[in-house]
Every structure is written in structure tokens, then in C-alpha cells.
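Read off the chains here:
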Amino acid sequence: QVQVVESGGGLVQPGGSLRLSCAASGSILSIVTMGWYRQAPGNQRELVATFTIGSSTNYADSVKGRFTISRDNAKNTAYLQMNSLKPEDTAVYYCKAIVRTTMGYAASYWGQGTQVTVSS
């Protein structure tokens, strides 16, 4: 089994910053890639920022220049630094890890999500 756990969400004022963390653990041989997604009530889950399999980054247009994805490979952890937050950034933020498991296959795993609320 593989577990993916997000942390760092909370309530911030517009223009503020938050840093989210995502830690993967369990039956992991290696991490293929990790990424961040978000979902607001009534909306589809959308990509926020990911590492590609070639280790480049991909950002949604709505967050480009404000958010930065990073990772610590030794800790199987990804981060999302969010600056200049806007009310429309309010959502549950989910981490997805694509993992090579010790069971002989690769698969994607989702965390439970962490709430980010941007409001004055």
C-alpha cells in the first residue's frame, strides 16, 4: 500500500502565502513524478502544477508566476509554494504521486486533500 498525505492548508487573506507539503510513503520503490491538483465545490478537479516525467514543470495558466512546485527526492516529498493568493484559489488541494511499487507495478495515488481558503 501507498499513502499520500498533504499538509499546510489553512485560511489566509488575499495576497498572502501558504506552503503545502505532500509526503508519499509505503510500498515504494521509487517516485515517477508528483503533482498538485485542486477542486472547488461544484467544479471538476483541475491541474495546478506538476513535474513531468522528464522533470520539467507544468503550471495552470491561472497560477503561473504565483505558485512554485518543488520536491525533495530523498524524502519522497513535494511542495507547493503559493504566493499572491486570490479568493479564486480557494479549493481543496490534492497531491498525486505516480509510484513504482514493491508489488511490481506502477500506479497513481491521491492524498485526501487539504483545504485552502483565501478570504478577507
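Please read all numbers here as calculations on a predicted model, not as lab measurements.

Rules used throughout
Residues numbered from 1 in each chain as written. Predicted model: local features only at pLDDT ≥ 70, side-chain atom pairs only at ≥ 80, totals over all residues. Heavy atoms only, no water. Helix = DSSP H or I, 4+ residues; strand = E, 2+ residues; numbered from the N terminus. Buried < 20%, exposed > 50% of the residue type's maximum accessible area, 1.4 Å probe, protein only. Phe/Tyr/Trp six-rings, centres within 6.5 Å; stacked < 30°, edge-to-face > 60°. Lys NZ or Arg CZ within 6 Å of the ring centre and 35° of its normal. Pairing = 2+ DSSP bridges. Axes fitted to C-alpha atoms, helices over the stretch in contact; angles between N-to-C directions.

**Q** How do you make sense of the side chain of Thr50 when you look at a structure like this?
**A** Structurally, the position occupied by Thr50 is in strand β5 (residues 46-51). The class of Thr50 is buried, set by a relative accessible area of 9%.

**Q** I tried to follow the packing of aromatic side chains on my own but got confused; where do I start?
**A** Both the distance between ring centres and the angle between the ring planes are used here to describe each pair of aromatic rings. In this structure the tally under the stated criterion is one aromatic pair. An angle of 65° between the planes, with centres 5.0 Å apart, marks the rings of Tyr37 and Trp110 as edge-to-face. Of this pair, Tyr37 sits in strand β4 (residues 28-39) while Trp110 sits in strand β10 (residues 106-110), and the two are 73 residues apart along the sequence. For Trp110, a relative accessible area of 36% corresponds to the partly exposed category. The ring of Tyr79 carries the charged tip of Arg19 above its face, separated from the ring centre by 4.0 Å. Here the guanidinium or amino end of Arg45 rests over the ring plane of Trp110, the centre of that ring lying 4.6 Å away.

**Q** What is the right way to look at the sheet that holds strand β7 (residues 67-72) in this model?
**A** Neighbouring strands of a sheet are bound in pairs by backbone hydrogen bonds; such pairs are parallel or else antiparallel. Taken together, four strands build an open sheet; the order of strands is β1-β3-β8-β7 and the sheet is antiparallel. A strand with exactly one partner marks an edge of an open sheet, and here the two such strands are β1 (2-7) and β7. Each strand of the sheet is rotated relative to its neighbour by a mean of 15°, with strand direction disregarded. In this sheet, strand β8 (residues 77-82) lies alongside strand β3 (residues 18-26) in antiparallel orientation, the contact comprising six bridges. By the bridge assignment, Ser21 is partnered in β8 with Tyr79.

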